[in-house]
Amino acid sequence: MVNSKNKVYEHPYYKCESPEWRKLEDLYKGSHETLSKNLEYLWPHEIEYAKNGGSKVRAIRELRSRYFNLMVPAVSRWLSFIFKKQIDTTEVQEMFGDEIKDVTGKGSSLESFIKNEIGKNYILYGKSIVMVNAYEKQAETQLEAQILGERPYMESVNPLELKDWQTSAKGAYGQFSAVR
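This one's a predicted model, so the numbers in the text were calculated from it and none came from an experiment.

J.: Just give me the short version of helix α1 (residues 12-29), but keep the residues and values in it.
T.: Relative to the 26 Å expected for 18 residues at 1.5 Å per residue, α1 spans 26 Å between its end C-alpha atoms, a close match to the ideal helical length. The sharpest bend along α1 reaches about 45 degrees and sits at S18, with the proline P19 one to four residues further on. Those residues of α1 that are buried are in contact with α6 (110-125) and β3 (165-168). Phi turns positive one or two residues past the end of α1, at G30, with a value near 70 degrees.

Dropping the structure here:
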């Protein structure tokens, strides 16, 4: 239950872009249920507004409608153009060590994470958000770090999941000082 005294804010950029991001996500996912039932995608014909039989015509049209998902091949094509050459990860090899083969903790190598998460979100939404854990290093040796589970992890965040944020002026791109 949400306390009525608390106001939930949305970042102005999120408010502006989220309707378009939702459309792009819907078109990318290509769900028949979403695209055939939503008036935004399957525009009603004039006859569907008729009192006698209009709703039946609409129901038949919803069942028969098909969406040829062109978003997935378009995104895939751009990814293949952009990542035609192998990604050079030698500079970050020292930071990740052997964990470069699993930067997400779910089995994704750094190269596949860049291509399939960062690249896809950038092409689809025009924005890619990556969260990286920043732990206080307590281990003094590699073995201690392994025992304590100290290692960097990356996570790609869908822009629709990040509703509000505040950045500090530190660094070239700024750092998040608050994220919701």
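J.: An account of a nonpolar patch on the surface is requested, with residue identities and associated values reported.
T.: Residues W78, F81 and I82 make up a contiguous nonpolar surface patch of roughly 360 Å² in combined accessible area. Mapped onto the elements, F81 comes out in helix α4 (residues 71-82). On the accessibility criterion, F81 (48% relative accessible area) is partly exposed.

J.: Lay out the packing of α4 against α6 with the relevant residues and their values.
T.: α6 packs onto α4 with a crossing angle of 115 degrees between their chain directions and a minimal axis gap of 10 Å. Crossing of α4 against α6: the hand is right-handed. For the pair formed by α4 and α6, the contact residues are M71, V75, W78, L79 and I82 on the first element and K115, G119, K120, I123 and L124 on the second.

J.: Quick rundown of the packing of α1 against α4? Include the residues and the values.
T.: It is the contact of α1 with α4, at a shortest axis distance of 7 Å, that shows an interaxial angle of 100 degrees. Classed by the angle they form, the pair α1 and α4 counts as roughly perpendicular. Residue-level contacts link L24, L27 and Y28 of α1 to M71, V72 and V75 of α4. Residues of the contact of α1 with α4, tallied by class, amount to six nonpolar, no polar and no charged.

J.: Go over helix α3 (residues 54-64) with me, naming the residues and quoting the values.
T.: Residues spaced three or four apart along an α-helix face the same direction, because each turn holds 3.6 residues. Every buried residue belonging to α3 is among G54, R58 and E62, and all of these are buried. Buried residues in α3, looked at end-on, bunch into an arc of 75 degrees, giving them a common side. Along α3, the residues that are exposed and aim more than 90 degrees away from the buried face are K56, L63 and R64. Along its buried surface, α3 packs onto α2 (32-37).

J.: Residues and numbers for the nonpolar core, please.
T.: The biggest cluster of nonpolar side chains holds 13 residues, and the ones touching the most others in it are Y14, W21 and L162. Beyond its immediate sequence surroundings of up to four residues, Y14 is in contact with W21, R22, P159, L160, L162, K163 and W165. In terms of nonpolar packing, the next biggest core, distinct from the first, is built from six residues, F96, I100, L110 and M154 among them.

J.: Explain the packing of aromatic side chains residue by residue, including any values.
T.: One pass over the structure, following the stated rule, counts three aromatic pairs. Consider the rings of Y13 and W21, whose centres lie 5.9 Å apart with planes at 65 degrees: the pair is edge-to-face. When its relative accessible area of 2% is taken as the criterion, W21 is described as buried. Aromatic pair Y14 and W21: ring centres 6.3 Å apart, planes at 65 degrees, arrangement edge-to-face. Side by side, Y14 and W21 carry an identical accessibility label, which is buried. Among the aromatic residues, those joined into a cluster by ring pairs are Y13, Y14 and W21.

J.: Could you give an account of the environment of L160, with specific residues and numbers?
T.: Mapped onto the secondary structure, L160 falls in the loop between β2 (154-157) and β3. Among the residues examined, L160 registers a relative accessible area of 12% and is labelled buried. Remark: the alpha-carbon pair of L160 and S18, spanning 142 residues in sequence, is separated by 6.4 Å. If near-sequence neighbours (up to four positions away) are discounted, L160 is found in contact with Y14, S18, W21, R22 and E25.

Calculation criteria
Along every chain, residues carry numbers that run from 1 in the direction the sequence is written. Predicted model: local features are reported for residues with pLDDT of at least 70 only, side-chain atom pairs are reported and counted for 80 or more only, and whole-chain, interface and lining totals are derived from all residues. The basis for every side-chain value is the complete set of heavy atoms in the structure, and neither hydrogens nor water enter the calculation. We count a stretch as a helix when DSSP gives it H or I for four or more residues in a row; a strand needs E for two or more, and each element gets its number in order from the N terminus. Expected helix span is taken as 1.5 Å per residue step, with the number of steps being one fewer than the number of residues. Note that the bend at a residue is defined as the angle between axes fitted to the seven residues ending at it and the seven residues starting at it. The contact definition used throughout considers only heavy atoms, calling two residues in contact when any of these lie within 4.5 Å. A residue counts toward a patch only above 30% relative accessible area and without a salt bridge, and it is joined to like-charged neighbours within 9 Å or, for Val, Leu, Ile, Met, Phe, Trp and Tyr, to nonpolar neighbours within 5 Å. Shrake-Rupley sampling with a 1.4 Å probe provides the accessible areas, and residues are treated as covered by the protein chains on show and by no other component. Any Lys or Arg side-chain nitrogen located within 4 Å of an Asp or Glu carboxyl oxygen qualifies as a salt bridge. Here the term buried applies to any residue with accessible area under 20% of the maximum for its type, exposed to any over 50%, and partly exposed to those in between, with areas from a 1.4 Å probe on protein chains only. For helices, the fitted axis covers only the stretch in contact; all axes are lines through C-alpha atoms, and the angles between them, taken along N-to-C directions, range from 0 to 180 degrees. Handedness of each helix crossing follows the sense of rotation of the near helix against the far helix: counterclockwise by less than a right angle gives left-handed, clockwise gives right-handed. Reported orientations rely on four angle classes, namely roughly parallel under 35 degrees, roughly antiparallel over 145, roughly perpendicular from 65 to 115, and oblique for the rest. Under the scheme applied, nonpolar residues are Ala, Val, Leu, Ile, Met, Phe, Trp, Tyr, Cys and Pro; charged residues are Asp, Glu, Lys and Arg; polar residues are all the others, including Gly. What the arc covers is the set of directions going from the helix axis to the C-beta atoms. By nonpolar core we mean a set of buried residues, namely Ala, Val, Leu, Ile, Met, Phe, Trp, Tyr and Cys, connected to one another through side-chain atoms within 4.5 Å. Only the six-membered ring of Trp is used, alongside the rings of Phe and Tyr, when aromatic pairs are assigned; centres must lie within 6.5 Å, and planes under 30 degrees apart are stacked while those over 60 apart are edge-to-face, with the rest tilted.

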